[in-house]
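In case you want the letters, here they are:
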Amino acid sequence: MQRPQVKIAILSILLMTAGVGLCAAQNAAVTGVVRDAQGVAQLGALVQVIAADTALISTGFTDLHGRYFIPHLTPGRYEVRASAALFVPAMRGDLQLSSGAQAVVNLTLNTLFESTTWLPAERRKADEPNDDWKWTLRSAANRPILRMVDDDGDVLMVSSSVTELPRRAAKGQAEITNGDGGFGSNGVHNVVAVDEATADGGTVSFRTDIGSQIGSFSGQPSTDVAARYQTNLGFAGSARTLVNYQWHPELTASDGTVGLEAVQMASAQQMKIGDMAEVEAGGTVYVVRTAGYSSASRPFLKVTAHPTGTWMVGYRMATSQNLQSFGGLDAMQQELPVAVMYQGRMQTEGGLHQELSVGRKVGQGMIQVGYYRDRLDRVAVSGGGAPVAADMTQDGVPAANGMMTDSTNGTFRLLGAGYKTQGLHVTLSEPLNPSIWMAVEYGIGAGLAAKDGVTIMLPGMASDLAPEDGQTATVALRGRVIRSGTKVRVAYRWQPTRIVTAVDPYAPFSDDAYFSCYLRQALRLGKLLPHGLDATVDVTNLMAQGYRPFLSADGHTLFLAQTPRTLQAGLAFTF
């Protein structure tokens, strides 16, 4: 009696095993690798399998090598979609899975701005390499996936499925530079900066710059202290707040007041509205003290829409050339706001820039066209040559357009009359190799120009400078030389030499007049030099082009220039 029961049990097990095997044979699977446009595997990318009726069937995440595997799919027609923060989703449609098939679907994530994010929406800052210290890759749920510190630093990973707090990562840098020709940046500068990742995925940064002037100036050292906090928001967004204090005893107002003191508070936010739009908003509030006080608020707004994967449409409003986007707070070093006596009261440079732009991705590069309208209330004019007291007064009274001079090198700033203009600029960017980008820009607009045949004197500068239409053209390179590791930013920006302020002043290269470059090279000599030691060189208007001479009150020659020549070099140690 037991043998039939045993046979029945064995037969049942065999039938169940065959049924399971038949079901497994009918199931299909999808596997593959998710990379970015440069071929880098993406950790933590979300991969979804979607049915023909748009129903979500299954999901998965990529591993450290960008690989994913989604099993147990019934035969049918599907779409596979990969997405990650700051990337445009990649899709493979019309995927037909047969019984027992294992399809290989490799996907490439692209971002519409991968070819233009290196083009700053504002003027460059000297501590530009600050954002090379770390970067954070985040999942579609906006959780930290991978945080990497420098190229040779620590790598720590945090799983998006756990709640434990990651180990904090900190990075510091000490730098000493010596320069000449810069307004408010002459002499030897000792810089210490610390950048720390917080437990919630944000960052806290501090920077201190103590400057000692060389030559006959024997005043107090200059001071520049900044603190910045960044936190992550919903919708793959971020918020930054920066507070900056600057004291420059080497600067002198036209009425003889010594020293300029400035406090700035800048904030910015960015967020993504699905895959269709990005919004950035923020601004700067500052107070400047010299002979008196001057305060101002300079907001900005930037909206970018992505109708398709290859087209973009944008609107930008800015009231300051120094902070025009969220990326403007990448650097800790902020531009010094200069307040001078203008038309009887303390004022600073100001204006309103509005721009509409359209861009199209072409291969790995992009072409972008922008139309803008500017209303410049007051325009800062740069010059040098050590003006005398008679240049800054008229009949013993400070000139209506007062000035601020740097007593260490004779450079000065003053405010010229405002004007209205409109123009157009076209930018083409293209990668030369995976690590070097090239950009070509052409623009039309207007700037302040010295009138031909008129002998300019500083007391009458406001009436002797008038807006004049002009054109500008720029060729620029930026990136890293693969073999040597040299970080490079080189630009040549031409405009008519008679125009002494920037044509299209809110353009990315507006402060790179003529030939300018920034180089940062790691120094390695076996074990003789410590790891993390870099040499830096920062040059603006190397060939001193675009100088417009005029006579001082005592007959010696001064000059106006869109960007006077400056040279800074030094050593930086990252620890």
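See above for the structure.
Residues numbered from 1 in each chain as written. Predicted model: local features only at pLDDT ≥ 70, side-chain atom pairs only at ≥ 80, totals over all residues. Heavy atoms only, no water.

**Q** Now, about the sheet that holds strand 5 (residues 76-83): what can you tell me, with residues and values included?
**A** Judged by pairing direction, the sheet is antiparallel, and its four strands sit side by side in the order 3-2-5-6 without closing on themselves. In this open sheet, the two edge strands, each paired with only one partner strand, are strand 3 (56-61) and strand 6 (90-97). Shown here is a sheet whose adjacent strand axes are inclined to one another by a mean of 20°, direction ignored. (Pairing = 2+ DSSP bridges. Helix = DSSP H or I, 4+ residues; strand = E, 2+ residues; numbered from the N terminus. Axes fitted to C-alpha atoms, helices over the stretch in contact; angles between N-to-C directions.)

**Q** Can you explain the environment of Val490? Please cite residues and give values.
**A** Within the element layout of this structure, Val490 appears in strand 31 (residues 487-494). It is 5.9 Å that separates the C-alpha atoms of Val490 and Ser516, two residues lying 26 residues apart in sequence. Sequence-distant contacts of Val490, defined by excluding residues within four places in its chain, comprise Val475, Ala476, Leu477, Phe515, Ser516 and Cys517. (Contact = heavy atoms within 4.5 Å.)

**Q** So what's going on with the pairing of strand 13 (residues 187-197)? Which residues, and what values?
**A** Direction of pairing for strand 12 (residues 170-180) relative to strand 13: antiparallel, over a ladder of 10 bridges. The residue of strand 13 that forms the bridge with Gly172 is Val194. Relative to strand 14 (residues 203-212), strand 13 is paired through 10 bridges, and the arrangement is antiparallel. Following the sheet pairing, Val191 is matched in strand 14 by Asp209.

**Q** Hey, could you go over the side chain of Thr348 for me, with residue numbers and the actual values?
**A** With respect to the helices and strands, Thr348 occurs in the loop between strand 22 (345-347) and strand 23 (350-362). Using a relative accessible area of 4% as the deciding quantity, one classes Thr348 as buried. One polar contact links Thr348 to Tyr286, side chain to side chain, over a distance of 3.0 Å. A distance of 3.4 Å separates a polar atom in the side chain of Thr348 from a polar atom in the side chain of Arg298. Excluding anything up to four places from it in sequence, Thr348 contacts Tyr286, Ser294, Ala296, Arg298, Val338, Ala339, Arg378 and Leu415. (Buried < 20%, exposed > 50% of the residue type's maximum accessible area, 1.4 Å probe, protein only. Polar contact = N/O pair within 3.5 Å; in protein donor to acceptor, adjacent residues only side chain to side chain.)

**Q** If you had to explain the nonpolar core to someone new, which residues and values would you point to?
**A** Ranked by internal contacts, the top residues of the largest apolar core, which has 21 residues, are Val30, Val34, Tyr68, Val80, Leu97 and Leu109. For this core, the elements supplying multiple residues, two or more each, are strand 1 (28-36), strand 2 (46-51), strand 4 (67-73), strand 5, strand 6 and strand 8 (107-109). Ranked by size, the runner-up nonpolar core spans 20 residues in total, among them Tyr419, Leu465, Tyr506 and Leu558. (Core = buried A, V, L, I, M, F, W, Y, C linked by side-chain atoms within 4.5 Å.)

**Q** Residues and numbers for unusual backbone geometry, please.
**A** Excluding glycine, most residues fall at negative phi; most peptide bonds, likewise, are trans. Here His72, not a glycine, exhibits a phi torsion of approximately 60°, which is positive. With respect to the secondary-structure elements, His72 resides in strand 4. We classify His72 as exposed; its relative accessible area is 64%. Backbone geometry places Ala386, a non-glycine residue, at a positive phi of 60°. Assignment of secondary structure puts Ala386 in the loop between strand 24 (365-384) and helix 2 (389-392). Ala386 gets classed as partly exposed once you look at its relative accessible area, which sits at 41%.

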